[in-house]
Amino acid sequence: MTGNGTGDTEALREEIRRTRVELGETMEALAAKADVKARLKESAEQAKERMREQAAQTVARVRGQAARGAGVARAQAYEKGELVRAQAYDKSELVRRNPVPWAAIAAGAVATVVVLMIVRGRRR
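Residues numbered from 1 in each chain as written. Predicted model: local features only at pLDDT ≥ 70, side-chain atom pairs only at ≥ 80, totals over all residues. Heavy atoms only, no water.

*Asks:* In this structure, what is going on with the overall build of the protein chain? I would like to understand it.
*Replies:* Of regular secondary structure, the protein chain possesses three helices and zero strands. Written out in order from the N terminus, the α and β elements of the protein chain read α-α-α. Taken over C-alpha atoms, the radius of gyration comes to 46 Å for the protein chain, far larger than the 14 Å a tight globule of 124 residues would show. Taken along the three principal axes of its C-alpha coordinates, the protein chain extends 140 × 45 × 10 Å. A total of about 11,300 Å² of accessible surface is found on the protein chain, and carbon and sulfur atoms cover 61% of it. Within the protein chain, one finds 24 positive and 16 negative side-chain charges whose respective centroids are separated by 25 Å. (Helix = DSSP H or I, 4+ residues; strand = E, 2+ residues; numbered from the N terminus. Rg over C-alpha atoms; globule rule 2.2 N^0.38 Å. Areas by Shrake-Rupley, 256 points an atom, 1.4 Å probe, with all protein chains shown as cover. Lys, Arg positive; Asp, Glu negative; His and termini not counted. Charge placed at Lys NZ, Arg CZ, Asp CG, Glu CD.)

*Asks:* What's the story with the pattern of salt bridges in this structure? I'm lost.
*Replies:* Once the charged atoms of two side chains with opposite charge are near each other, the side chains can pair. With the rule as written, the count across this model stands at five salt bridges. When the shortest N-O distance is used, the salt bridge between E45 and K48 registers 3.4 Å. Note that E45 and K48 are positioned in helix α2 (residues 36-97) at a spacing of three residues, about one turn of the helix. Here K48 falls in the partly exposed class, since its relative accessible area comes to 40%. Between R52 and E49 there is a salt bridge, with its nearest N and O atoms 3.5 Å apart. One end of the pair, R52, and the other, E49, are both in helix α2, three residues apart, so they sit about a helical turn from each other. Using a relative accessible area of 36% as the deciding quantity, one classes E49 as partly exposed. (Salt bridge = Lys/Arg side-chain N within 4 Å of Asp/Glu carboxyl O. Buried < 20%, exposed > 50% of the residue type's maximum accessible area, 1.4 Å probe, protein only.)

*Asks:* What's the story with the environment of S92 in this structure? I'm lost.
*Replies:* With respect to the helices and strands, the residue S92 is situated in helix α2. Residue classification places S92 among the partly exposed residues on the basis of a relative accessible area of 22%. On a C-alpha basis, the gap between S92 and D35 in space is 84 Å, while along the polypeptide they are 57 residues apart. Among the polar contacts made by the side chain of S92, one reaches the main-chain carbonyl oxygen of Y89 at a distance of 2.7 Å. (Polar contact = N/O pair within 3.5 Å; in protein donor to acceptor, adjacent residues only side chain to side chain.)

This is the structure we're talking about:
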């Protein structure tokens, strides 16, 4: 403290300045709380952002599951294809080894078609 009292005056002015700044900040905070429209808008923006994030996570999860499902389906289809090829090869070998029964079946089918055509022709 100085003898002429200017130190006290300066300290008081500084304290008043700080008090004004704090009061201004407090008023801004109160005004922000009182502005319901702005608060609702901010709340809506936050909700939209949360929904966007959740949607992105859901899309990523679904795409991952779809990719895994497609991989499983591809593997199963390949296995079934291999099984069908093996069975077809076995049947073709059977026909090559013994073609007579198949020729007889084919001849019977042709004969049946011919008889049906003749019977149908007589009815007209």
